[in-house]
Amino acid sequence: MFGLSIIDIAVIIGYFAVTLGIGFWTMRRIKNQEDYFLGGRSFGKIIQTFAAFGQATSVDSAVGMTTTTFTNGAAAVWSSVCTVFTVPIYWMTCPWYRRLRLLSMGDFFRERYGSKYMAIVYALVASVGMMCIISIGFNAMGKTTVAMTPKTVSQMTSAERHEYHMAKELNKLEAADFDTLSDTQKSRLKELQILKPQDVHSHISESAIIYIVCFIVLVYSVVGGLHAAFLTDLMQGVFIIILSVILLPFGWTKLNATYGGAGVLNAFQLLHHRIPESFFEIFGSPSTMDFTWYYVLALTIMTTINVAAQPNQLVAIGSAKDEYTARLGFTSGIYLKRLLTIFWGLFGLFAVLLYTGTVRNPDMVWGYATLDLLGPMKMGLVGLMIACLMAALMSTASCLMITASGLLTHNVYRELLPNLPERHYVIVGRVIGGVVVIGGAIIATQFATIFAQMKFLMEFYSIFAASFWLGMLWRPATRAGAWASICIALVCFFVLPLAVPAVCPSLHTNHYLAKMTHARVVSRGYMAHPMDIEERNTLIAKWDTLNKIGKAKGERPKPIHVGEHFTKKYELPAKEIFWTQGLKPNAAGVLEGHGMLNLDLLLLQKLGFDLSKNPYAVNETLRVVFRTLIPIFAIFIVSMFTRHDNKEAINRFYAKMKTPALPDREADERELALSYAEPHRFDHTKLFPKSNWEFHKWDKVDAGGFLLALVVGAAIVGVFFLLMSIGVR
């Protein structure tokens, strides 16, 4: 049924039953908004660890890393692993969210800047961001499950069979040398590339999968609130760990069976012996040439700054019973994800050797491998994998749903209808939570790929990041400065880039805006492996074919042998400058821009900087730098020339932020009362006592935890390099 065995279906149903049971069991514990949206601030270290891990890990994490490693090699893993060195910063910022003692991040903007309208704007905009993040998980879940429940050709409908044959025709035409195709074949190739026919059709439609998972998330999260979400995160975290390692032993067993090895070490040796050396290049890999050190650095800084302003940060961290629990749980959860990233990428390398030439669409690698490696066991392992993928999605979606629900209920609905009973707001929160999840599912069904969504969301919270950081660290930051920063970032980086092309559609085909970077050719020297030889023999065969019809270009490629040193040239294609989703020829053959228009880069070009001469990485780095620095400059400059906000309210806010949060509610309130009565009570802890900067001296917990976090990060990087070197001869 549905392309799955009975035992696979039983595993999935059992998982759903347990998840729903947890939701209804926790329902009885909810008495007010804090219970529903923050779990009563009662969670310990283990729950906090898996809550942080769960919200940071979704289907696209494991499947996406495997896909990019299958395509780009070990450098793709490094692009994620290198961010472990930003985690120690979280050790220092985690106490902020617990000391805020607020129900939502929107409350921060109301309390710090004294503006309920700023809180409303934050709630509305940030909730859209939460729905977009949920939609990415739904999208990845749907596509991967489709790959694991395929129909055979005989089971397809006539329309599906027709599309299947078109996809096979497209694959054949794309595999051929373009110069050998007739004019009719070239025209047919162009037609099929526009149609993008699929060769995989599932027993379950992608939309049906999305809405089934949406329903499960909706029921247990809406009923049980954050308590249910975090308890299921604990269970789902175990499933995600299983997901991360279950394919590896089956993968290296098949590898040994195929190529005559035995044992784990032999499997790694086969990997290094047969896969091209370029797949193990961690720095400067030609496949990731545009992922330079300066782009990685700029992206890491921007992401670290932007993540702090995401509303789920306060929910994930502020729900801990005390500051130390918040710190330890959050940093441990993020490190756990980074460690598992290595295993996802490692399987991607095994998949290169197992499935190159078999799986043409990298997005299907995970699903295809599951069926190929686990299906023959007939032990319900395919069902377990689907349950694991659903766990990865639902652990993220439930937390983000509660976060967005809290924002919209507390910072929008309650502002419009204040002074109603707590139970009323909880009911409204449940309804809004359902709308948020359904909204995420609807967004997911509208996108063919998740790439554009992911790139968009990396920059999304730059709208509020400067106001959050300066509001925490710099006393003179004013309401006017915060509004200026928010509005400039929102309008310049999101509203105008979308609105200008919408108002002037002719811009999409404007010749000036079709400017691209120059193509480049780079050379790399390697030792020949079997896959290199196969690739070279293919090139020789193509050259011979073209030579027979008088179309061969250049000299005939020279044969190479195993162990021989050779030089390989890579062409880095020209890339778009002004359009976020690239340029594609339309039906008339004219290049057409897609996505948002990069107005900041367009302004630089108009000022006389020829961006086409820059490597693509330079232009992308400039975009990231602008989105990071301009909002910061805006709040600084405007705050210096506008009237300061209410001094008493500012003193009260920073007095609270200096007062450690205690697990005992009554004791915590007594400490707060003392701080409010004497706002300068903890000024001796400031690093610069007479300045307006709120940096604080480190105590033993601060320093020890920061250093330990650095050591753990270095250890994870060491594990990565160790696994990449096992089997090297």
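To start, this report covers the structure provided alongside it. (Residues numbered from 1 in each chain as written. Predicted model: local features only at pLDDT ≥ 70, side-chain atom pairs only at ≥ 80, totals over all residues. Heavy atoms only, no water.)

**Some points on the nonpolar core**
Within the largest apolar cluster, 148 residues are counted, with the highest numbers of intra-cluster contacts made by F108, F350, W366, F464, F468, M472 and F720. Considering each element in turn, this core owes the most residues, 19 residues, to helix α18 (residues 381-416). For F720, the residues in contact, after removing those within four places along its chain, are A74, V77, W78, V81, I282 and I342. By size, the runner-up hydrophobic cluster in this structure holds twelve residues, among which are L513, A514, L583 and L604. (Core = buried A, V, L, I, M, F, W, Y, C linked by side-chain atoms within 4.5 Å. Buried < 20%, exposed > 50% of the residue type's maximum accessible area, 1.4 Å probe, protein only. Helix = DSSP H or I, 4+ residues; strand = E, 2+ residues; numbered from the N terminus. Contact = heavy atoms within 4.5 Å.)

**Digging into the packing of aromatic side chains**
Under the criterion given, the structure shown has 30 aromatic pairs. Here F636 and W693 contribute two aromatic rings whose centre-to-centre distance is 6.1 Å and whose plane-to-plane angle is 55°, an arrangement assigned as tilted. One end of the pair, F636, is in helix α25 (residues 616-640); the other, W693, is in the loop between α27 (665-677) and α28 (700-725), with 57 residues separating them in the sequence. Here F636 falls in the partly exposed class, since its relative accessible area comes to 23%. Residue class for W693 comes out partly exposed when judged on its relative accessible area of 29%. Through successive ring pairs, a cluster of aromatic residues spans W96, Y97, F108, F109, Y113, Y122, F464, F468, W469, F653 and Y654. We note K606 situated over the ring of Y512; from NZ or CZ to the ring centre the distance is 4.2 Å. (Phe/Tyr/Trp six-rings, centres within 6.5 Å; stacked < 30°, edge-to-face > 60°. Lys NZ or Arg CZ within 6 Å of the ring centre and 35° of its normal.)

**With respect to empty space enclosed by the protein**
Unfilled space is identified by rolling a water-sized probe across the atoms. A complete count under the given rule lists three cavities of 30 Å³ or more for this structure. Taken as a whole, the largest cavity encloses approximately 50 Å³ of empty space. Taken together, ten residues form the lining of the largest cavity, with L103, S104, V315, T403 and G406 sitting closest to its centre. Of all elements in the fold, only α15 (311-318) and α18 reach the threshold of two or more residues within the lining of the largest cavity. The dominant element in the lining of the largest cavity, judged by the number of residues it contributes, is α18, at four residues. Per-class residue counts for the lining of the largest cavity are seven nonpolar, three polar and no charged. (1 Å grid on protein atoms, 1.4 Å probe; cavity = no way out; pocket = protein on both sides within 12 Å on 5 of 7 lines; lining within 4 Å. Points joined across faces, edges and corners; volume = space filled by probe spheres on them. Nonpolar A, V, L, I, M, F, W, Y, C, P; charged D, E, K, R; others polar.)

**Quick look at the pattern of salt bridges**
Evaluated as defined, the whole model comprises 17 salt bridges. For the salt bridge of R188 with E169, the shortest nitrogen-to-oxygen distance reads 3.0 Å. Of this pair, R188 sits in helix α10 (residues 183-195) while E169 sits in helix α9 (residues 158-175); the two residues are 19 residues apart in sequence, bridging distant segments of the chain. Classification of R188 by relative accessible area gives partly exposed; the value is 23%. Measuring nitrogen to oxygen at the nearest pair gives 3.3 Å for the salt bridge that ties R623 to E620. (Salt bridge = Lys/Arg side-chain N within 4 Å of Asp/Glu carboxyl O.)

**A look at unusual backbone geometry**
Phi at R101 is positive, roughly 55°, even though this residue is not glycine. Looking at the secondary structure, you find R101 in the loop between α6 (87-100) and α7 (105-113).

**Some words on helix α3 (residues 45-56)**
For α3, with twelve residues, the first-to-last C-alpha span of 17 Å sits near the 16 Å given by 1.5 Å per residue. The buried fraction of α3 is high, at nine of twelve residues. Listing the buried residues of α3 in full gives I47, Q48, T49, F50, A51, A52, F53, G54 and Q55. (Expected span 1.5 Å × (residues − 1).)

**Some thoughts on the environment of I210**
Residue position: I210 is located in helix α11 (residues 206-245). The class of I210 is buried, set by a relative accessible area of 2%. Taking C-alpha positions, I210 is 9.8 Å from T145, a pair spaced 65 residues apart along the chain.

These figures capture arrangement, not role.
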